[in-house]
Amino acid sequence: FQILAPTYNCSTGAFVFQSTAPAGSATFWGPGLTGATTNPNLTIKPNSDAQAFTIYASYNGQMQTYRWDWKASCNGTTPVTPTTPTTPTTPTTPVTPTTPTTPSGSGLSLVAPAYNCQTGAFTFQVSGGNGSAVSVMAVGITGWTTNLGPYTVRPNRDAQAFGLLAQQSGQQASYSWSFQSVCPAGARVGAESAELSELIWRVYPNPTADEVSVETNADDAQLTVYTADGRLLPGVSAIKKAGTTAVRLDLSAYPTGMYLIRLHTEQQSAVQRVIKW
């Protein structure tokens, strides 16, 4: 399964997600474009100073990303409506040219976070921007906040890559952070990590039409649900107490698409994807 370059009409703004998945079976989304949806058709008219977009696709439990440079699709220009020529006027006395000023700031981008494999200390890292406050989020780490960290993050050894997001003054940036590439097996040797039992949990049925059940060996675990672009679903949460085998989460009131279920204890955190159809 792969996500492909989208088709885009620079004149009308018609945008179509493309992938190798069967038609109607993949879920697409992109910060600044749309939340999770199975409808590949959008109308997009970016501002002339908008940066490239990161788009996502999910199919059969797999997720792929693609960096779409809309300016390259339109040969670096945006379509404009021709204006009626005006009658030339008498030239005015030229003014003395002023020295050009240097633009303040540059495009916002997320870079690799700072992470300590022994302590689990995680700090978002951003580059560029205009100097104003930057908001960041990552499901399984934190919701939207201007606090870059540090946070305590202790993923399972088989945890998938985290999708990090940042936004500032209408600009958005994303970064896919792989815990395994930063901390290969054996890198975390802190004394406290040896005392943590392996976190086991499963979510079923997946896909689902309404409810999912969550089974885990963790006690006093907080379960929360987010949309694919990181918005917390109000009213869809649960706490798995000691002695219980499973808890249920009701998604029946929400539209079809991909959702992220976060399991969090005092010492561990993990995220699984679920598809509602």
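Small disclaimer: the values here were computed from a predicted structure and weren't measured.

## What to know about the packing of aromatic side chains
To describe a pair of aromatic rings, one takes the distance between the centres and the angle between the planes.
Then step 1. Applying the stated criterion to the full structure yields ten aromatic pairs.
Then step 2. Residues Tyr115 and Trp177 carry aromatic rings whose centres are separated by 5.1 Å and whose planes lie at 65° to one another, so their mutual orientation is edge-to-face. Of the two residues, Tyr115 is situated in strand 8 (residues 106–115) and Trp177 in strand 14 (residues 171–177); the sequence distance between them amounts to 62 residues.
Then step 3. Judged by its relative accessible area of 14%, Tyr115 is buried.
Then step 4. Every member of this aromatic cluster is reached through a ring pair, and the members are Tyr8, Phe15, Phe17, Phe28, Phe53 and Trp68.

## Some remarks on the pattern of salt bridges
Then step 1. Summed over all chains, the structure comprises three salt bridges.
Then step 2. Between Glu211 and Arg248 there is a salt bridge, with the nearest N and O atoms lying 3.6 Å from each other. Remark: Arg248 occurs in strand 19 (residues 246–250) and Glu211 occurs in strand 16 (residues 211–216); sequence separation between them is 37 residues.
Then step 3. The partly exposed category is assigned to Glu211, whose relative accessible area is 30%.
Then step 4. In this structure, the salt-bridge partner of Lys240 is Asp219, at a minimum N-O distance of 3.4 Å. Note that Lys240 is positioned in strand 18 (residues 232–240) and Asp219 in the loop between strand 16 and strand 17 (221–227), a separation of 21 residues in sequence.
Then step 5. Residue classification places Asp219 among the partly exposed residues on the basis of a relative accessible area of 41%.

## Some thoughts on the state of the cysteines
Then step 1. Under the counting rule described, the total for this entry stands at one disulfide.
Then step 2. Across the disulfide from Cys10 sits Cys74; the S-S distance is 1.9 Å. Judged by the sign of its S-S torsion, about -100°, the bond between Cys10 and Cys74 is left-handed. Pair noted here: Cys10 is in the loop between strand 1 (3–8) and strand 2 (14–19) and Cys74 is in the loop between helix 1 (70–73) and strand 8, with a separation of 64 residues, a long-range link.
Then step 3. Looking at Cys74, the relative accessible area reads 6%, which means it is buried.

## Observations concerning the environment of Val139
Then step 1. Following the sequence through the fold, Val139 ends up in the loop between strand 10 (135–138) and strand 11 (142–145).
Then step 2. Residues Val139 and Val225, 86 residues apart in the sequence, show an inter-C-alpha distance of 9.2 Å.
Then step 3. Residues contacting Val139, with those up to four places away along its chain left out, are Phe162, Gly163, Tyr226, Gly230, Leu260 and Val271.

## Examining the nonpolar core
Then step 1. Counting 20 residues, the largest nonpolar core has Trp201, Val214, Leu223, Val225, Leu249, Ile261 and Leu263 as its most contacted members.
Then step 2. Residue assignment for this core shows that the elements contributing at least two residues are strand 15 (201–204), strand 16, strand 17, strand 18, strand 19, strand 20 (257–264) and strand 21 (269–276).
Then step 3. In this structure Leu263 touches Leu199, Trp201, Thr216, Ala218, Ala221, Gln222, Leu223, Gln268, Ser269 and Ala270, once residues within four positions along its chain are discounted.
Then step 4. In terms of nonpolar packing, the next biggest core, distinct from the first, is built from 19 residues, Leu108, Ile141, Tyr151 and Leu164 among them.

## Here we look at the pairing of strand 15
Then step 1. Side chains of strand 15 alternate between two faces, with Trp201 and Val203 buried and Arg202 and Tyr204 left unburied.
Then step 2. In this sheet, strand 16 lies alongside strand 15 in antiparallel orientation, the contact comprising four bridges. When the bridges of strand 16 are listed, Val203 appears paired with Val214.
Then step 3. In sequence, strand 15 turns back onto strand 16 through a hairpin of six residues.

## Concerning the sheet that holds strand 17
Then step 1. Sheet architecture is open: four strands sit in the order 18-17-20-21, paired in antiparallel fashion. Either end of the sheet is taken by a strand with one partner, and the two such strands are strand 18 and strand 21. The mean angle between the axes of side-by-side strands here comes to 25°, regardless of whether they run parallel or antiparallel.
Then step 2. Where strand 17 meets strand 18, five bridges bridge the pair, whose relative direction is antiparallel. Within strand 18, the position partnered with Thr224 by the bridge is Ser237.

How each quantity is defined
Residues numbered from 1 in each chain as written. Predicted model: local features only at pLDDT ≥ 70, side-chain atom pairs only at ≥ 80, totals over all residues. Heavy atoms only, no water. Phe/Tyr/Trp six-rings, centres within 6.5 Å; stacked < 30°, edge-to-face > 60°. Helix = DSSP H or I, 4+ residues; strand = E, 2+ residues; numbered from the N terminus. Buried < 20%, exposed > 50% of the residue type's maximum accessible area, 1.4 Å probe, protein only. Salt bridge = Lys/Arg side-chain N within 4 Å of Asp/Glu carboxyl O. Disulfide = S-S within 2.5 Å. Contact = heavy atoms within 4.5 Å. Core = buried A, V, L, I, M, F, W, Y, C linked by side-chain atoms within 4.5 Å. Pairing = 2+ DSSP bridges. Axes fitted to C-alpha atoms, helices over the stretch in contact; angles between N-to-C directions.

These figures come from the coordinates and say nothing about function on their own.
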